[in-house]
Structure formats: structure tokens, C-alpha cells
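# Summary of the model geometry
Okay, here's what each chain looks like letter by letter:
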Amino acid sequence: VNDDIDGEPVGRFGGSAASGAGGGGLEHGGVDDDEDRSGPSFGELCSEESRMPMIIGCGLMLLQQWSGNNAVIFFCSSIFKTAGLENTDEASLYVMATQVIATGLSVYLMDKAGRRLL
């Protein structure tokens, strides 16, 4: 607990330590009630209607990791040097620029076509 300019102890979130309200606007001594939370629960995530989208999403993440894309990006200078290119930094720049452009294009397509269609 730090001291404020007035000599009063200051709590972790900027409010008075004695008051318990830490400047964050939380009531009940700075503790958030579970009843105030809203949103999906873990049970809804594992429900029958969410199961297939969850399997597809996790499967795509696994395939992306197994594809070795990150390794290619990390070692692209070494790969280009082994392939006999003289300016490996420029070739690496082209690879990374292509990745940025493809990401931007996919964001644009997702925005235009919608998530349901894609």
C-alpha cells in the first residue's frame, strides 16, 4: 500500500485502502459479483450445436501449426541462401509482404462475404 499526497494509504487500484472501492468503479469492496457476468458459458461451448464449429476451428488451428508455415517464415533467409539466392533479405521481404497482402485480402473478403458464407 502506497501513501497518497495527503498521507492516506492508497489501495492497489488508486482508491483509498480504507474505503475498499479501488477507483475502478466496483462496488462491494472491489469484488465483482458472478451474477453480473453475462455471456456464453463453458456448457454452451460444449453443446451439440457448437460441437462441429468447435471441431472445425480447432482442426484448422492444428493444421496451421502442422503445416510448418511459421518455420518457413523463420528460416526463409536460410532456405533462400541454400537455394543459391544472393540477396536473401530481399527474397524474405517478398515472402513476408505476400503474407501481409494475403492476410489483408482475407480480412477484406471476410468483411464483404460474411462469416457464414466463408
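One numbering rule holds for all chains: residues counted from 1, following each sequence as written. Owing to the predicted nature of the model, reporting of local features is limited to residues with pLDDT of at least 70; listing and counting of side-chain atom pairs is limited to 80 or more, with chain, interface and lining totals taken over all residues. To get the side-chain values, take all heavy atoms of the structure and skip hydrogens and water.

A few words on the overall build of the protein. Helix numbers and strand numbers start at the N terminus; a helix is a DSSP run of H or I with at least 4 residues, a strand a run of E with at least 2. The helix and strand inventory of the protein stands at five helices and two strands. Going from N to C terminus, the protein has its helices and strands arranged as β-β-α-α-α-α-α. Throughout this description, buried means an accessible area under 20% of the type-specific maximum (1.4 Å probe, protein chains only), exposed means over 50%, and partly exposed covers the range between. The proportion of buried residues among the 118 residues of the protein is 6%. A separation of at least 24 residues holds for 5% of the contacts in the protein among residues at least 6 apart in sequence. Residue contacts are counted whenever heavy atoms from the two residues lie within 4.5 Å of one another.

Further remarks concern the pattern of salt bridges. Think of a salt bridge as a Lys or Arg side-chain nitrogen and an Asp or Glu carboxyl oxygen that are within 4 Å of each other. In the structure shown here, the tally under the stated rule is one salt bridge. A salt bridge links Arg 51 to Glu 48, with the shortest nitrogen-to-oxygen separation between them at 3.0 Å. Of this pair, Arg 51 and Glu 48 both sit in helix α2 (residues 48-67), three residues apart, roughly one helical turn.

Glancing now at the side chain of Thr 88. One can find Thr 88 in helix α5 (residues 88-113). Residue classification places Thr 88 among the buried positions, given a relative accessible area of 11%.

Attention now moves to the packing of aromatic side chains. When two rings of Phe, Tyr or Trp (its six-membered ring) have centres within 6.5 Å they constitute a pair, described as stacked for plane angles under 30 degrees, edge-to-face for angles over 60, and tilted for the intermediate range. Considering all chains together, one arrives at one aromatic pair under this definition. Here Phe 74 and Phe 75 contribute two aromatic rings whose centre-to-centre distance is 4.8 Å and whose plane-to-plane angle is 90°, an arrangement assigned as edge-to-face. Overall, the relative accessible area of 42% leaves Phe 75 in the partly exposed class.

Keep in mind these numbers describe shape, not what the thing actually does.
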